[in-house]
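# Descriptive structure summary
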Amino acid sequence: MPCSGRERASALTGARRRKAVSDHVYKHIELTGSSAQGFEEAIRNAIERAGHSIHNMRWFEVRNTRGHIEDGRIVHWQVTLEVGFTLDG
């Protein structure tokens, strides 16, 4: 039975995704970034700082978000991330 255009496109996309992902081995690390500016800046700080010594970072997932409160105001953010990077070779 012939495939529809949608099924063919879906199969091609799946094949590309499998090829793009299947050849990688990932190492996971945990980072905690902090910032007085906000949670997005805390994430950027963690990723950018780690980038000085870790290469091939591919993804991150936020695991925990915390904040420090003074006088009813958020004055500091901490965000813990799981970061995946591909191994060399």
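Residues numbered from 1 in each chain as written. Predicted model: local features only at pLDDT ≥ 70, side-chain atom pairs only at ≥ 80, totals over all residues. Heavy atoms only, no water.

### Focus: the overall build of the protein chain
Selection rule: A helix here means a DSSP run of H or I that spans at least four residues, while a strand means a run of E at least two residues long, and both kinds are numbered starting from the N terminus. Relative accessibility thresholds used throughout: buried, under 20% of the residue-type maximum; exposed, over 50%; partly exposed, between the two (1.4 Å probe, protein chains only). For every accessible area listed, the method is Shrake-Rupley and the probe measures 1.4 Å; residues are considered covered only by the protein chains on display.
Regarding its fold elements, the protein chain presents two helices and three strands. Secondary structure elements in the protein chain, listed N-terminal to C-terminal, are α-β-α-β-β. Here the protein chain holds 89 residues, and 20% of them are scored as buried. Carbon and sulfur atoms make up 51% of the accessible area of the protein chain, which totals about 7,000 Å².

### Focus: the pairing of strand S2 (residues 57–70)
Our working definition: Whether two strands pair depends on DSSP finding at least two bridges between them.
Across 12 bridges, S2 lies against strand S3 (residues 73–86) in antiparallel orientation. What sits directly across from Asn64, in S3, is Thr80. Where S2 hands over to S3, the hairpin turn is made up of two residues, of which Asp71 adopts a positive phi near 50 degrees.

### Quick notes on the side chain of Thr86
As a reminder of what qualifies: Contacts are assigned to residue pairs with any non-hydrogen atoms lying within 4.5 Å of each other.
Tracing the sequence through the fold places Thr86 in strand S3. Residue contacts for Thr86: discarding those within four places in its chain leaves His24, Val25, Tyr26, His55, Asn56 and Arg58.

### Quick look at the nonpolar core
Basically, it comes down to this: In this text, buried Ala, Val, Leu, Ile, Met, Phe, Trp, Tyr and Cys residues form a nonpolar core when linked through side-chain atoms within 4.5 Å.
Grouped together as the largest cluster of nonpolar side chains are 10 residues: Leu31, Ala42, Ile43, Ala46, Ala50, Ile54, Val79, Leu81, Val83 and Phe85. Looking at this core, the elements that each hand over two or more residues are helix H2 (39–50) and S3. Setting aside residues up to four positions removed in sequence, Ala42 forms contacts with Gly33, Ser34, Ser35, Trp77 and Val79.

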